[in-house]
Amino acid sequence: MKKEYDYLIVGSGLFGSVFAHEATKRGKKCLVIDKRNHLGGNVYCENVEGINVHKYGAHIFHTNDETIWNYVNQFAKFNHYVNSPTALSKGKLYNLPFNMNTFYQLWGTKTPQEAHDKINKQIEEYGTNNPKNLEEQALSLVGKDIYEALIKEYTEKQWGRKTTELPAFIIKRLPVRFTFNNNYFNDKYQGIPVGGYNKIINGLLENIECKTNIDYFQNREHYDSIAHKTVFTGKIDEFFNFEHGMLEYRSLRFENEILDTDNFQGNAVVNYNDAEVPYTRIIEHKHFEFGNQKKTVITREYPENWTPEKEAYYPINDEKNQQIFNIYQKMAEKINNTIFGGRLAEYKYYDMHQIIGSALMHVKKEFKE
Ligand code: FAD
């Protein structure tokens, strides 16, 4: 039977948009649907007071892969923003990631040797060979002072559990840098798209039919009937009617405020480590684009337990959830006319460059290139 579309793409985040763009380039007819009232998924920006507000949390693009960098640069120019967060702990400000500036702020150490000696001594004193939980893991990697000032309370807020009750694997590595370098990422390429992420999404979806406010599951039969194949980027457990259980997530709540000042905190990202402060960080969006607007928009980020009516942000890849996911993944492999991709369908935390890489890989496979 002749169908109206070659591909129905469920979800207009980066995965769905890259796939739609590449399939259209190859002469295929696509329809993109999204249940939200806008396109772009979690990278969507909302314009408030002339400032691009990252609606679903701060997004900084970074990659080591030149192909991916060139790919995104087709759609937007990138500025020279370098992520250099600061952290407030017990009334003192520290630079991140842990580097010579942080060590000076903690201990007054001025040379790499002094900092090395201090950290090694603390690891010897407080570390263990076989860390059984996140606290022991952190103490074994960086010692007591860094752990107590900059890891413990922040991590407990993030996960809503004591570090002694969290598994050690959550922090495999804690990079320490013995140079005065506050650049959070080690990647070769980094920046924010000039004009915001919507520019990239609009470029990817140019001349492609898109419909918002459409939940695939509200009219599944109809949508399945109009396209030869589906690219599904929603929740994999929902696709299978949760028949083997519901996958769990960690959620976030964002509280935005417009302030009548041109500069609230002097940096895009400030972490709040102390347990008494209920949020983990404040984002001041204008600094991502070196904005000089008269006002500013800040967002307080509150970690939250997830319930099905909330946004699902971070997958909880523990044993229980991973086992459930593995069952769904096996079921998905048996469905020939559906491609499952993206952070929700693969139940995996992906950075933006990884999602683009994954979508391009699926394209190559699909078009046998
Ligand atoms: P999404 O963007 O979530 O898109 C999926 C889309 O599918 C959504 O629009 C959703 O509405 C739609 N959908 C779902 N179900 C249905 C349905 N039933 N019917 C119709 N539509 C449906 N990455 C970085 O590289 N740098 C960062 O600094 C960074 N910061 C982040 C901060 C936070 C708080 C989070 C959570 C993630 C961050 N990321 C960052 C990761 C980045 O957001 C993801 O890599 C990327 O957005 C994933 O794209 P996606 O297409 O897989 O998913």
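Rules used throughout
Residues numbered from 1 in each chain as written. Predicted model: local features only at pLDDT ≥ 70, side-chain atom pairs only at ≥ 80, totals over all residues. Heavy atoms only, no water. Helix = DSSP H or I, 4+ residues; strand = E, 2+ residues; numbered from the N terminus. Buried < 20%, exposed > 50% of the residue type's maximum accessible area, 1.4 Å probe, protein only. Contact = heavy atoms within 4.5 Å. Areas by Shrake-Rupley, 256 points an atom, 1.4 Å probe, with all protein chains shown as cover. 1 Å grid on protein atoms, 1.4 Å probe; cavity = no way out; pocket = protein on both sides within 12 Å on 5 of 7 lines; lining within 4 Å. Points joined across faces, edges and corners; volume = space filled by probe spheres on them. Near = heavy atom within 4 Å. Polar contact = N/O pair within 3.5 Å; in protein donor to acceptor, adjacent residues only side chain to side chain. Nonpolar A, V, L, I, M, F, W, Y, C, P; charged D, E, K, R; others polar. Pairing = 2+ DSSP bridges. Salt bridge = Lys/Arg side-chain N within 4 Å of Asp/Glu carboxyl O. Domains from an automatic or database assignment. Buried area = accessible area lost by both parts, 1.4 Å probe. Phe/Tyr/Trp six-rings, centres within 6.5 Å; stacked < 30°, edge-to-face > 60°. Lys NZ or Arg CZ within 6 Å of the ring centre and 35° of its normal.

1. Notes on the overall build of the chain
- Looking only at helices and strands, one finds 11 helices and 16 strands in the chain.
- Along the three orthogonal principal directions, the C-alpha set of the chain runs to about 75 × 50 × 40 Å.
- Looking at the chain residue by residue over its 369 residues, the buried ones come to 52%.
- A separation threshold of at least 6 residues defines the contact pool for the chain, and within that pool the share at least 24 residues apart is 71%.
- Taken as a whole, the chain presents about 18300 Å² of accessible surface, with 48% of it coming from carbon and sulfur.

2. Focus: the layout of surface pockets
- In this structure, the second largest pocket encloses a volume near 480 Å³.
- Every residue lining the second largest pocket is counted, 17 residues in all, and those nearest its centre are Thr-338, Ile-339, Phe-340, His-362 and Lys-365.
- Contributing elements (two or more residues each) for the lining of the second largest pocket: helix H10 (319–333), strand S16 (338–340) and helix H11 (352–366).

3. A short note on the environment of Gln-218
- Its place among the elements puts Gln-218 in the loop between strand S9 (209–211) and helix H8 (220–226).
- Accessibility expressed as a relative area gives 67% for Gln-218, which makes it exposed.
- Each C-alpha atom of the pair Gln-218 and Lys-229 lies 18 Å from the other, and the pair is 11 residues apart in sequence.

4. Thoughts on the site of the ligand
- Close to the ligand lie 32 residues, the nearest being Asp-34, His-59, Arg-343, Tyr-350 and Met-352.
- Within the backbone of Leu-14, an N or O atom sits 3.2 Å from an oxygen atom of the ligand.
- Within the contact set of the ligand, an oxygen atom lies 2.7 Å away from a backbone nitrogen or oxygen of Met-352.
- Grouping the amino acids of the shell around the ligand by side-chain chemistry returns 18 nonpolar, 8 polar and 6 charged.

5. A few points about the pairing of strand S12 (residues 269–272)
- Judged by which residues are buried, S12 turns out to be covered on both faces: Val-269 and Asn-271 on one side and Val-270 and Tyr-272 on the other are all buried.
- Across 3 bridges, strand S6 (residues 86–89) lies against S12 in parallel orientation. Across the sheet, the residue bridging to Thr-86 is Val-270, located in S12.
- Note that S12 and strand S13 (residues 281–284) share 3 bridges and pair antiparallel. Following the sheet pairing, Val-269 is matched in S13 by Ile-283.

6. With respect to the pattern of salt bridges
- All chains considered together, the criterion is met by 18 salt bridges.
- For Arg-26, the salt bridge identified is with Glu-369, shortest N-O distance 2.6 Å. With Arg-26 in the loop between helix H1 (14–25) and strand S2 (30–33) and Glu-369 in the segment after H11, this residue pair connects regions lying 343 residues apart in the sequence.
- By relative accessible area, which is 53% here, Glu-369 ends up exposed.
- Through salt bridges that share partners, Glu-22, Lys-25, Arg-26 and Glu-369 make up one connected network.

7. Brief notes about the domain arrangement of the chain
- Structurally, the chain comprises domain 1 (5–82 + 189–248 + 316–366), domain 2 (90–171) and domain 3 (249–305).
- The gap between the C-alpha centroids of domain 2 and domain 3 is 24 Å.
- Tallying the contact residues gives 12 residues for domain 2 and 13 residues for domain 3.
- Overall, the association of domain 2 and domain 3 removes approximately 1000 Å² of surface from exposure, summing both partners, and the carbon and sulfur fraction of that is 47%.

8. Things to note about the packing of aromatic side chains
- Inspection of every chain in the model, using the stated rule, returns 29 aromatic pairs.
- For the ring pair Tyr-216 and Phe-239, a centre distance of 6.5 Å and an interplane angle of 10° mean the geometry is stacked. Separated by 23 residues along the polypeptide, Tyr-216 in the loop between S9 and H8 and Phe-239 in helix H9 (residues 236–239) bring together distant segments of the chain.
- Phe-239 gets classed as buried once you look at its relative accessible area, which sits at 7%.
- Taken together, the ring pairs in this structure connect Tyr-216, Phe-217, Phe-232, Phe-239, Phe-240, Tyr-328 and Phe-340 into an aromatic cluster.
- The ring of Tyr-56 carries the charged tip of Arg-36 above its face, separated from the ring centre by 4.0 Å.
- The residue whose ring lies beneath Arg-220 is Phe-239, and the NZ or CZ to ring-centre distance is 4.4 Å.

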